[in-house]
Amino acid sequence: MTTERKSGGVIAAEVLAAHGIPAVFTLCGGHISPILVESENRGIRIVDVRDEASAAFAADAMSRLTGTPGVCAVTAGPGLTNTITAVKNAQMAQSPLVVLGGATGTILKGRGSLQDIDQMALMEPHVKWMRSVERVADIAPALIEAIAESRRDVPGPVFVELPVDLLYEEPLVRDMYGVGAEAKKPRGLGEWGLRQYLRWHLRRQFKGSDRVEIEALPGDAARVAEPGDVRQLARALVKAKRPVALIGSQAVLDPDRLDAVVSAVDSLGIPFYLSGMARGLMGREHPRWMRHKRRMALKEADTVLLAGVPADFRLDYGRHVSRRATLLSVNLSPIDLTKNRKPNIGVLADPGWVLERLGAAMQAPDGHWDDWIGQLRTRDEEREADIASRAEQVTDVGVNPLHLCREIDKVLDDDSVLVADGGDFVATASYILRPRGPLRWLDPGVFGTLGVGGGFALAAKLAQPSAEVWLLWGDGSAAYTLAEFDSYARHGLPVIAVVGNDAGWTQIAREQVEILGADTACRLAHSDYHRVAEGYGGKGLKIERPEDIPGVLAEAKELAAAGSPVLINAIIGTTDFRKGSISM
């Protein structure tokens, strides 16, 4: 307990420091300045970006990579509205994100103050918990609860509204309202009454701010399953002749348990596919990791385990799994557990925790599924050979995107983190690039959001400073956050960005042209994105011919190793590789 009277900015910073928050992502604003200054004074890194959406995306990525809730602080009104897409993305990706929003003074709400809107109504549909603080003494408990709530049960974004007159020192706030020590004598009874009300309001507002306790709540334990549930899952899998597991992001929520999850998946003995943040979980090569023809495998399987994966559009609303198959589902969310398809065995629990126990409980005979695994492996290898063949095809302009992606995969370091932000080019890359380990792949998640790249890559480099961070951009998505090259340069974050530049919104054009006969609103230009990056303080390189690729990739790695962010503008041609791949 303290006896020193503290401002709300100091209290907020002390709460963040007590919870081990490594960084606050922000775009400056007067409503939140005390939080930023006081946090920096306590050793928290303040990372300012060029768009509030990037701040929220960066906080989302930081939480995914570290297991600690990511924090962004944005100013009132348009500062907060700019985060909405990123907050919704975090909600749907189930990322623990804490949004601190500045607000007009408590006494000025609803009176036409600068940037004063109903922020609580704005945020309510997009967060799992929110609080508007009215007294300085309430800041600490509100922030402590927010951090805890962001990772409780199904993780997600939370919002705390902090009015500006709670954050600054009390004498300054009293001066703001004209009732400070130097206030002139009131003129008339009406002004005297107003000052009396303001003094009463401020006494209430600051009461107890000298007796604030700051104690971090312990992190919630994993939501566990009953032992009988684990045994039931194990029996169903051992009994199966053609089992398949699909492992998603919920299985990797706790970075401290990743080794145990990896060991467990290895022990299961069944073939598996990886999605979302689980991509790379088992390394670059694993004999039972399948990458291709997932739909066919799910249709043929007699038992399917969904570990942290809902039966949404990515599984054709559950129709990818045969109705004759035994469907096993483990999920933190009771909604996702039964979405579109009720499982034969459903377990409401942490998928990572359940996988660990399943690995110990499985007692399948050696070679039990060799024929089935061999069938899937042969199909996988045939698809790899098909991709290799397609990569050799000459395109109309520039380089073949499949060939480019294969060349990038060859030069990735073992610690490389891959950030995916785009449509056609990035989806192509997802078939080819192989993350080398757990937490080495970042994509937006189920919302399919463009514009995550700038913030995601920034946070990835902060969270993994020794790792190469590769940002894969489509030329459409690049424009959303290209200005963050300024942030990379200012903060010393040598990200390598690759823009697949085919001068169009190709993922949309593929179907639109065929169905509607026109490429309306799908045309772009072969813009000089590398020169824009140079203008922001980075290095720019260009690929126009296949023979350029090895030298440019090598130069980019050298420049990044020397501390410069780099953008490779790769002119790519069109292929029919992803024809008919649009999802809705």
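Look a little higher up for the structure.
Everything numeric in this text was worked out from a predicted model, so none of it was measured.

Draft legend 1. Quick peek at the overall build of the protein chain. When helices and strands are tallied, the protein chain shows 24 helices and 17 strands. Over its C-alpha trace the protein chain gives a radius of gyration of 26 Å, about what one expects of a compact globule, namely 25 Å for 584 residues. Counting only C-alpha atoms and orienting by the principal axes, one finds that the protein chain spans roughly 90 × 60 × 45 Å. Taken over 584 residues, the protein chain has a buried fraction of 57%. Contacts in the protein chain between residues far apart in sequence, at least 24 positions, make up 75% of those at least 6 positions apart.

Draft legend 2. Representation of the side chain of T83. As for its placement among the helices and strands, T83 is situated in the loop between helix 4 (78-81) and helix 5 (84-93). Within polar-contact distance, the side chain of T83 engages the backbone oxygen of L80 at 2.7 Å. Apart from the residues lying within four places of it in its own chain, the contact partners of T83 are E52, A53, A56 and V74.

Draft legend 3. Structural context of the pairing of strand 7 (residues 243-247). Strand 7 sits mainly inside the fold: five of its five residues count as buried. On strand 7, burial covers both faces: P243, A245 and I247 on one face and V244 and L246 on the other are all buried. Here strand 7 pairs with strand 9 (residues 303-307) via five bridges, running parallel. When the bridges of strand 9 are listed, P243 appears paired with T303. Where strand 7 and strand 8 (residues 272-274) come together, three bridges link them in parallel fashion. Following the sheet pairing, I247 is matched in strand 8 by L274. Between strand 7 and its parallel partner strand 8, the chain crosses via helix 12 (residues 258-268), and the hand of that crossover is right-handed.

Draft legend 4. Structural view of the pattern of salt bridges. Counted by the stated rule, this structure contains 44 salt bridges. Two residues, R257 and E356, come together in a salt bridge whose shortest N-O distance is 2.8 Å. Of this pair, R257 sits in the loop between strand 7 and helix 12 while E356 sits in helix 15 (residues 351-361), placing them 99 residues apart in sequence. A single burial state applies to R257 and to E356, both of which are buried.

Draft legend 5. A positive patch on the surface, seen in detail. Taken together, K241, R242, R295, K299, R323 and R324 make up a surface patch of like positive charges. Within the secondary structure layout, K241 lies in the loop between helix 11 (227-239) and strand 7. A relative accessible area of 65% means that K241 is categorised as exposed.

Draft legend 6. A look at the nonpolar core. Among the nonpolar cores identified, the biggest contains 104 residues, and F25 and I247 are the most heavily contacted of them. Looking at this core, the element that brings in the most residues is helix 3 (residues 52-66), giving nine residues. The contacts of F25, once residues within four sequence positions are left out, are V47, A55, A58, A59, M62, V71, C72, A73, L458, A459 and L462. Of all hydrophobic cores here, the second largest spans 38 residues; its members include I11, V71, F206 and V212.

Draft legend 7. View of a nonpolar patch on the surface. A grouping of L194, Y197 and W200 is seen on the molecular surface, where their side chains present a nonpolar patch of about 340 Å² in accessible area. Positionally, L194 belongs in helix 10 (residues 189-206).

Draft legend 8. Layout of helix 17 (residues 401-411). Within helix 17, eight of the eleven residues are buried, which leaves the element mostly enclosed by the surrounding structure. Those residues of helix 17 not exposed but buried are P401, L402, H403, L404, C405, E407, I408 and D409. Two or three places before L402, at the opening of helix 17, N400 has a side-chain oxygen 2.9 Å from that residue's backbone nitrogen.

Draft legend 9. Fine view of unusual backbone geometry. Non-glycine residue N340 carries a positive phi angle of around 65 degrees. With respect to the secondary-structure elements, N340 resides in the loop between helix 14 (334-338) and strand 11 (345-348). In the Ramachandran plot, A503 falls in the positive-phi region, its phi being about 60 degrees despite a non-glycine side chain. Of the residues examined, A503 reaches a relative accessible area of 17% and is grouped as buried.

Draft legend 10. The arrangement of the sheet that holds strand 3 (residues 70-74) in detail. Read from one edge of the open sheet, six strands run 2-1-3-4-6-5, paired in parallel fashion. On the outer flanks of this sheet lie strand 2 (45-48) and strand 5 (129-132), each paired with one strand and no other. Taking the axes of each pair of neighbouring strands and ignoring which way they run, one obtains an average angle of 20 degrees across the sheet. Where strand 1 (residues 23-26) lies against strand 2, four bridges are found, and the strand directions are parallel. Bridge pairing in strand 2 places V24 opposite I46. Relative to strand 2, helix 2 (residues 33-41) is tilted by about 135 degrees, and along the sheet it contacts strand 1, strand 2, strand 3, strand 4 (97-103) and strand 6 (157-163).

Draft legend 11. The sheet that holds strand 9, seen in detail. Spatial ordering of the open sheet is given by 8-7-9-10-11, a layout of five strands whose pairing is parallel. Edge positions in the sheet fall to strand 8 and strand 11, since each of these pairs with one other strand and no more. Within this sheet the neighbouring strands show an average axis-to-axis angle of 10 degrees, counted without direction. The strands touched by helix 11 within the sheet are strand 7, strand 9, strand 10 (326-331) and strand 11, with strand 11 carrying the most contacts at an inclination of about 145 degrees.

Draft legend 12. Here's a closer look at the pairing of strand 12 (residues 417-421). Across the five residues of strand 12, five count as buried, placing the element largely inside the fold. The alternating pattern of strand 12 places V417, V419 and D421 on one face and L418 and A420 on the opposite face, and all of these are buried. In the sheet, strand 12 pairs with strand 14 (residues 469-474) via five bridges, with the strands oriented parallel. The partner of V419 across the bridge, within strand 14, is L471. Bridge analysis of strand 12 against strand 13 (residues 441-442) gives two bridges, and the strand direction is parallel. In the sheet register, L418 faces strand 13, and the bridge partner there is W441. Handedness of the crossover is the feature at issue here: the chain leaves strand 12, passes through helix 18 (residues 424-432), returns alongside strand 13, and the resulting connection is right-handed.

Draft legend 13. The arrangement of helix 22 (residues 506-516) in detail. Among the residues of helix 22, those classed as buried are T506, A509, R510, E511 and Q512. Residues of helix 22 that are buried in the fold lie against helix 18. Once helix 22 finishes, G517 follows within two positions and takes phi at roughly 75 degrees, a positive value.

Reading the values: the criteria
Residues numbered from 1 in each chain as written. Predicted model: local features only at pLDDT ≥ 70, side-chain atom pairs only at ≥ 80, totals over all residues. Heavy atoms only, no water. Helix = DSSP H or I, 4+ residues; strand = E, 2+ residues; numbered from the N terminus. Rg over C-alpha atoms; globule rule 2.2 N^0.38 Å. Buried < 20%, exposed > 50% of the residue type's maximum accessible area, 1.4 Å probe, protein only. Contact = heavy atoms within 4.5 Å. Polar contact = N/O pair within 3.5 Å; in protein donor to acceptor, adjacent residues only side chain to side chain. Pairing = 2+ DSSP bridges. Right-handed = clockwise from strand over helix to strand, strands pointing away. Salt bridge = Lys/Arg side-chain N within 4 Å of Asp/Glu carboxyl O. Patch = residues over 30% accessible without salt bridge, like charges linked within 9 Å, V, L, I, M, F, W, Y side chains within 5 Å. Areas by Shrake-Rupley, 256 points an atom, 1.4 Å probe, with all protein chains shown as cover. Lys, Arg positive; Asp, Glu negative; His and termini not counted. Charge placed at Lys NZ, Arg CZ, Asp CG, Glu CD. Core = buried A, V, L, I, M, F, W, Y, C linked by side-chain atoms within 4.5 Å. Axes fitted to C-alpha atoms, helices over the stretch in contact; angles between N-to-C directions.

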